[in-house]
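Descriptive structure summary
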Amino acid sequence: MKRVIYLIILSIIIYSCQKLELLEHSNPLEDGRPFVATIKSDFITSTTAELSGEVISTGETPITLFGHCWSTSNTPTIENMYQGNDNYNSNKYVIPITELTPSTKYYFRAFATNSIETAYGEELSFTTNEAGEPLVITEGISNITSTSVTLLGQIEDIGNDQVTEHGHCWSISSSPTITINDGKTSLGSIGVSTFVSVASDLTHNTTYYYRAYATNSYGTVYGSAMNFSTTNGEPTVVTIGSSNVTATTVDLDGDILGIGDSPVTQHGHCWSTNSQPTINDSKTSLGSIGVSSFTSYASDLTHNTTYYYRAYATNSFGTVYGEEITLTTIGLWSNIGQLSGITYNNNAMLVLSSNNVWIVGDDVWNWNGSNWNLIGSPSSLPLKAVHGTSSNNIWVVDDDNVFSDEVWKWDGSSWTSYPGASTGISNVQDILVFGNSIVIGGNENFGPGIKISTNSGSSWSLEYPTCSSNCQGFSDMDGNSNNNIWVGAGSFTNNGVQGTVIYNGISWSSNENMYNIQCLSVLNSNSAFATSAPNSGSWYPTIWEYNGGWNSISLPTGMDMNWGYTPIDAVQSNAVWFGSDKIYKYNGSDWAEETGTIGSEIQMIRMLNTNEGFAVTGNGTILKR
């Protein structure tokens, strides 16, 4: 049974594989037979062809004969016609066969023989040409003007005699020939080769049909009929397609097939959300060009929007457009993976660049731009927060919920612990790093407190506001230097004052009362944003903006109630991101829902700039903007 299963699987692999080189090192069949593959037929004439094969494995004994067999019936064997070789010295081989019948379909298989058995490859087929005639292919066009065009063709096989004449013929009728009534070029004798004809004295603005042709002593044959239209002197331009579509940008491709009757002075693409865009809409202007392909970079597009676009080209006779094509920009946010065991708050994610993102929880993960890599946690306890300035200066803090929180540093290759760094505070929830300065935040005497080191963790000082003895516990902190640290109180650990206080490196500000602070995002010493929420159950959070004092701002329209933490991150006062049931952006006056593959329960948002950022949903799905 094991052998049967193995043979079935091996047959499926060989049947489906297009590049048999992948199988060159396959093991021989268990019963000792050779293992051979039929590759292709080539250089087909009316009476001859070349057949290619490959011996994948010799089996258990040497190859004594190999080659191809063929027949006008299915499943040919060496009992039919075959051509072989007993000098086996190469895996791949080509066998020429002769004396075939014109206009006949043949079936063929590669074979290989050893002392055990003759094995066959899969069956393929080909059809011989008509009696000795050449094989010619009509190809494309270029350089279209109002009175001329360049036509392309190819002699793929000369047939059974020398090609004495070849070229193209054209007409306003659908099946042009080399008769005197149709136009043609006469390019003389040729072998297997590509060729070019120039058709001239054409009528402007007219559709023509054309075919390549070739003649030998057996007759004249034609390629397939194709068509083109002359111009009124304008260029000929083709819209090709689009690539690298993002939420706001795309690459657009085009091709100038002919410059027309005067030089192309301008070209590019135009696009619009309405059909039939022109150069009066958004466009690129790429300047002069000859016959060539080109690419436009379209930017400042709207996410999740359908656009119509066309290539265009201009010369002194006018502006012409290629065919209209549509594209749809993607949503702003896309899924880049899922992690399990994340600590769900903004403190647990650090975005250093689009290719360098850190997330902590039960472990430590790093995003390198394409994959999430497991760094490994320094602690057996969950990690609560991460911050740093580079991949060689990453700091984390673990949490035992009450005492003995520990601070760790990653130097790019290993972790170093800083025992005692949290002495004097408990339930450490956050960490900030400013060069050699490190700040950790937790509870001091049931209220908020921070520990500061200005020498990379060698020594630490304890700082806490005057309300610490009657404030509620630490909830969050943010800042942009160790002289501008904002601390939020409101974690239900004490029935005291809630709100925010600011440490300026010397002293603390008076408390700004707010209820149950959840997340802080600080721009500078005079500007910040925050979220807060009621005690329990599902709620609508409050969003706050600080501009000399805290004031609530309106919630996004249509936002659902939320059961948990609501993150906020500000890049500037008119570019603020908020997470709840969806992701929303604040422009300084209004909220807009962001698009993309966004789930629900947004737990973390960290923005790198006004265009790029990362978010995490409640099931650990990581989103990138």
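Residues numbered from 1 in each chain as written. Predicted model: local features only at pLDDT ≥ 70, side-chain atom pairs only at ≥ 80, totals over all residues. Heavy atoms only, no water.

1. Overview of the overall build of the protein
Counting its secondary structure elements, the protein contains one helix and 52 strands. Here the protein has a C-alpha radius of gyration of 37 Å; the compact-globule value for 625 residues is 25 Å, and the former is much larger. Considered along the principal axes of its C-alpha atoms, the protein spans approximately 110 × 75 × 45 Å. For the protein, with 625 residues in total, the buried portion stands at 50%. A separation of at least 24 residues holds for 55% of the contacts in the protein among residues at least 6 apart in sequence. Summed over its atoms, the accessible surface of the protein is roughly 27500 Å², and 46% of this surface lies on carbon and sulfur atoms. Computing the positive centroid from 20 side-chain charges and the negative centroid from 55, the protein places the two 3 Å apart. (Helix = DSSP H or I, 4+ residues; strand = E, 2+ residues; numbered from the N terminus. Rg over C-alpha atoms; globule rule 2.2 N^0.38 Å. Buried < 20%, exposed > 50% of the residue type's maximum accessible area, 1.4 Å probe, protein only. Contact = heavy atoms within 4.5 Å. Areas by Shrake-Rupley, 256 points an atom, 1.4 Å probe, with all protein chains shown as cover. Lys, Arg positive; Asp, Glu negative; His and termini not counted. Charge placed at Lys NZ, Arg CZ, Asp CG, Glu CD.)

2. Some thoughts on the sheet that holds strand E5 (residues 92-97)
One open sheet holds the three strands; their spatial order is E1-E2-E5, and the pairing between them is antiparallel. Looking at strand neighbours, the two that pair on one side only are strand E1 (35-42) and E5, the edges of this open sheet. Strand-to-strand, the axes of this sheet are offset by a mean angle of 25°, without reference to chain direction. As defined by bridge partners, strand E2 (residues 49-57) adjoins E5 across six bridges and the pair is classed as antiparallel. By the bridge assignment, Glu 50 is partnered in E5 with Pro 96. (Pairing = 2+ DSSP bridges. Axes fitted to C-alpha atoms, helices over the stretch in contact; angles between N-to-C directions.)

3. Let's talk about the sheet that holds strand E17 (residues 236-243)
Strand order in the open sheet made by the three strands is E17-E18-E21, with antiparallel pairing throughout. Edge positions in the sheet fall to E17 and strand E21 (292-298), since each of these pairs with one other strand and no more. The mean angle between the axes of side-by-side strands here comes to 25°, regardless of whether they run parallel or antiparallel. Bridge count for E17 against strand E18 (residues 250-258) is seven bridges, and the pairing is antiparallel. From the neighbouring strand, Gly 241 faces E18, where its bridge partner is Asp 253.

4. Some words on the pattern of salt bridges
Enumeration over the complete set of coordinates arrives at four salt bridges. Its salt-bridge partner being Arg 33, residue Glu 117 comes within 3.8 Å of it at the nearest N-O pair. Note that Glu 117 is positioned in the loop between strand E6 (105-113) and strand E7 (118-120) and Arg 33 in the loop between helix H1 (2-16) and E1, a separation of 84 residues in sequence. Glu 117 sits in the partly exposed class, given a relative accessible area of 39%. Measuring nitrogen to oxygen at the nearest pair gives 2.7 Å for the salt bridge that ties Arg 625 to Glu 594. Placement of the pair is Arg 625 in the segment after strand E52 (621-624) and Glu 594 in the loop between strand E49 (591-593) and strand E50 (602-607), with a sequence separation of 31 residues. (Salt bridge = Lys/Arg side-chain N within 4 Å of Asp/Glu carboxyl O.)

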